[in-house]
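Topology and contacts: notes
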Amino acid sequence: MSEDINKNQYSADSIQALEGMEHVRMRPSMYIGDVGVRGLHHLVYEVIDNSIDEALAGHCDKITVTINEDNSITTEDNGRGIPVGLHKKEGVSALEVVMTKIGAGGKFDKDSYKVSGGLHGVGVSCVNALSSNLKATVHREGKVWEQEYERGKAMYPVKSTGTTDKRGTIVTFKPDPQIFTQTLEYNYETLSSRMRELAYLNKGITVIIIDKREKDDKGAFISETFYSEEGLSEFIQYLDETREPIMKSVIAFEGEKNGIPVEVAMIYNTSYAENLHSYVNNINTHEGGTHLTGFRRGLTHTLKKYADESGMLDKLKFDIAGDDFREGLTAIISVKVAEPQFEGQTKTKLGNREVSSSVSQAVSEMLTDYLEEHPDDAKTIVQKVILAAQARHAAQKAREMVQRKTVMSIGGLPGKLSDCSEQDPAKCEVFLVEGDSAGGTAKQGRDRAFQAILPLRGKILNVEKAMQHKVFENEEIKNIFTALGVTIGTEEDSKALNLSKLRYHKIVIMCDADIDGSHIATLILTFFFRYMKELIESGHVYIATPPLYLVKKGQKKQYAWNDQERDAIAEQFGGSVSVQRYKGLGEMNASQLWDTTMNPEFRTLRQVQIDNGTEADRIFSMLMGDDVPPRREFIEKNAIYANIDA
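Residues numbered from 1 in each chain as written. Predicted model: local features only at pLDDT ≥ 70, side-chain atom pairs only at ≥ 80, totals over all residues. Heavy atoms only, no water.

What follows concerns the nonpolar core. Membership of the largest hydrophobic core comes to 54 residues, with the highest contact counts inside it found for M266, Y268, F295, L299 and V335. Residues within four places of V335 in sequence aside, it is in contact with I260, P261, V262, Y279, V280, N281, H291, L350, V355 and V359. (Core = buried A, V, L, I, M, F, W, Y, C linked by side-chain atoms within 4.5 Å. Buried < 20%, exposed > 50% of the residue type's maximum accessible area, 1.4 Å probe, protein only. Contact = heavy atoms within 4.5 Å.)

Here it is in structure tokens:
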């Protein structure tokens with residue numbers, strides 16, 4: 001009896017205290033977001049942030065990131081090197097403290113760094129905890145010091161291994177397969193985009209990335225070197241390289257306002273999209289925040305004042321709205337904040353109130369000077385704003401038609417939509433299918449309980465080149481809005497998407513596995529990115545992967561999704577085989593489409609994610625804009641189909 005009482009006794013000893021590194025390994029997603037592809041790459045960013053902090057403090061101007069043959073990562077900088085002396089409080093080397101204690105490091109000492117990046121300061125110790133092994137080598141004060149770790153625990157005390165005339169820190173780590181079960185393979189393009197971004201955001205720093213897993217035609221490892229002399233002005237030119245500017249030069253500001261370093265660059269182009277990218281301490285705040293609010297307020301107030309005084313608005317019969325000032329605008333806002341407060345679902349929304357007025361003041365100053373010194377550009381910008389206002393009024397009418405159609409009962413759903421019987425949106429999925437023929441096959445092959453089918457007629461409108469009211473007037477786009485049940489526009493933001501009445505939590509783009517199918521899928525993705533980005537950010541958008549081939553020999557048959565799989569299956573079957581190439585979804589019968597592409601037990605769905613918002617913006621602009629040469633170059637580099645005639 002007494003033994004049972006002891007077993008069930010709830011005392012202070014029953015409370016399990018997970019200390020630092022153990023807690024990181026137990027709850028990794030709390031520290032790096034997730035343990036998938038995004039979290040894997042985030043490890044690199046955390047280590048690099050230490051080097052960037054050294055650069056911001058003026059002690060480092062070169063950073064190298066290497067993807068090694070075994071998918072381990074090596075980062076090297078020429079900063080001061082992490083201190084290796086005895087840490088009085090902890091009784092071990094300061095290097096070991098930095099590497100094994102969550103919350104340790106110079107960035108928490110206000111005298112060491114004025115500002116710092118990183119995900120809430122968890123830093124390199126978090127990376128150490130989530131790595132199967134990590135080695136830190138420090139070149140400092142003429143000596144080389146090193147220490148190795150296994151899953152966050154030091155294997156031996158910090159030791160000196162020689163002398164050196166260099167300085168800096170080298171960290172090599174291999175992500176732990178016990179934590180990262182989905183993949184351990186690093187994507188070069190993802191890391192390269194981030195390194196380019198960091199070079200633009202921190203001008204004067206050389207950032208090099210090397211991939212030792214692959215060699216170029218000359219036998220050298222794949223590598224890129226990023227360096228920016230002008231910072232955000234060059235970043236704007238890079239992002240807008242496929243858009244046509246309506247002004248002579250980039251408008252830029254760099255300085256300190258109320259003790260907060262603010263850097264802003266912007267330019268207007270002939271497009272109809274608004275592209276605002278904001279950063280705090282080099283972190284991309286894609287949910288915005290007070291710095292973005294300050295930018296918008298400063299822009300609207302200054303341009304409105306100029307437009308009023310110019311007399312150009314006198315004949316306008318309606319008011320200009322904030323959105324009108326941002327049509328065709330590409331802008332980057334970067335602030336450095338000593339103690340940033342983040343909020344929002346993914347902790348990427350800045351909450352510091354004092355930042356808003358600093359940015360607003362900087363933008364007003366910058367714009368006022370530019371408009372006075374460039375009267376021709378000023379007039380062009382105001383004319384663009386007036387055209388945007390007129391288009392907005394036309395779009396409002398078109399949007400109201402969509403809204404009216406959307407809020408109607410089931411009878412108001414698109415005639416081509418074959419809906420499912422399930423009422424819980426979390427269990428429902430809708431397939432956006434290319435063409436009536438494939439749509440018919442999909443309708444026959446689907447599970448009617450939870451799968452809906454919406455056939456789209458041909459190629460939908462390219463929204464990258466279309467004015468907003470044309471987008472909302474397009475029949476296929478109206479059908480998508482209506483079928484999904486979402487509405488666009490709130491009192492705070494006329495372009496915000498309301499997902500509260502979303503009818504399907506899985507939206508699957510299902511197109512033919514050929515060039516035309518890829519083009520249609522890209523058109524749909526462009527529409528989602530420009531007008532329904534929240535759907536992508538919430539993880540609701542997927543791409544189906546239908547097979548390319550059916551390989552048969554006698555009674556044996558197997559599907560193949562690429563040429564390599566086809567050849568491997570043919571070799572496995574042996575002898576002569578029959579290979580059917582599917583030119584389109586319509587060539588499959590209903591059961592084949594179900595078995596390969598729609599059945600949740602066997603299908604492969606690729607979830608659409610935005611790893612880097614600025615790079616995604618640039619690529620959509622390049623792929624769907626008017627400038628052909630960059631598009632051709634991109635397709636030739638990335639397409640798995642060789643037949644290009646654009």
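Among the residues of helix 17 (residues 563-573), the N-terminal cap falls to N562, whose side-chain oxygen and the backbone nitrogen of Q564 are separated by 3.2 Å. In the stretch just after helix 17, G574 is the one whose phi turns positive, near 75°. (Polar contact = N/O pair within 3.5 Å; in protein donor to acceptor, adjacent residues only side chain to side chain. Helix = DSSP H or I, 4+ residues; strand = E, 2+ residues; numbered from the N terminus.)

On inspection of all chains with the given rule, the structure shows three cavities of 30 Å³ or more. Of the pockets and cavities examined, the second largest cavity occupies roughly 40 Å³. With three residues, helix 7 (residues 188-201) is the single largest residue contributor to the lining of the second largest cavity. Of the residues assigned to the lining of the second largest cavity, the class counts are two nonpolar, three polar and three charged. (1 Å grid on protein atoms, 1.4 Å probe; cavity = no way out; pocket = protein on both sides within 12 Å on 5 of 7 lines; lining within 4 Å. Points joined across faces, edges and corners; volume = space filled by probe spheres on them. Nonpolar A, V, L, I, M, F, W, Y, C, P; charged D, E, K, R; others polar.)

A separate point is helix 7. Taking 1.5 Å per residue as the helical rise, helix 7 with its 14 residues ought to reach 20 Å, and the 20 Å between its terminal C-alpha atoms agrees with that figure. Capping of helix 7 at its N-terminal end is provided by N187; its side-chain oxygen lies 2.8 Å from the backbone amide nitrogen of E189. (Expected span 1.5 Å × (residues − 1).)

Our next topic: unusual backbone geometry. Residues other than glycine seldom take positive phi values, yet N71 does so here, at roughly 65°. Locating N71 in the fold gives a position in the loop between strand 1 (62-67) and strand 2 (73-77). Using a relative accessible area of 14% as the deciding quantity, one classes N71 as buried. One non-glycine residue with positive phi stands out, namely R151, at about 50°. Relative to the helices and strands, R151 is located in the loop between strand 4 (143-150) and strand 5 (153-154).

Okay, the sheet that holds strand 11 (residues 260-268) next. If you walk across this open sheet you meet the five strands as 10-11-14-12-13, and the pairing is mixed. For this open sheet the edge positions go to strand 10 (251-257) and strand 13 (283-284), each flanked by a neighbour on one side alone. (Pairing = 2+ DSSP bridges.)

A few words on the packing of aromatic side chains. Following the criterion strictly, the structure yields nine aromatic pairs and no others. With centroids separated by 4.8 Å and ring planes inclined at 10°, the aromatic side chains of Y200 and F235 adopt a geometry described as stacked. Of this pair, Y200 sits in helix 7 while F235 sits in helix 8 (residues 232-239); the two residues are 35 residues apart in sequence, bridging distant segments of the chain. Overall, Y200 belongs to the buried group, its relative accessible area being 14%. Judged by centre distance (6.4 Å) and plane angle (40°), the ring pair of F235 and Y279 falls under tilted. (Phe/Tyr/Trp six-rings, centres within 6.5 Å; stacked < 30°, edge-to-face > 60°.)

Any functional reading would require information that these geometric values do not contain.
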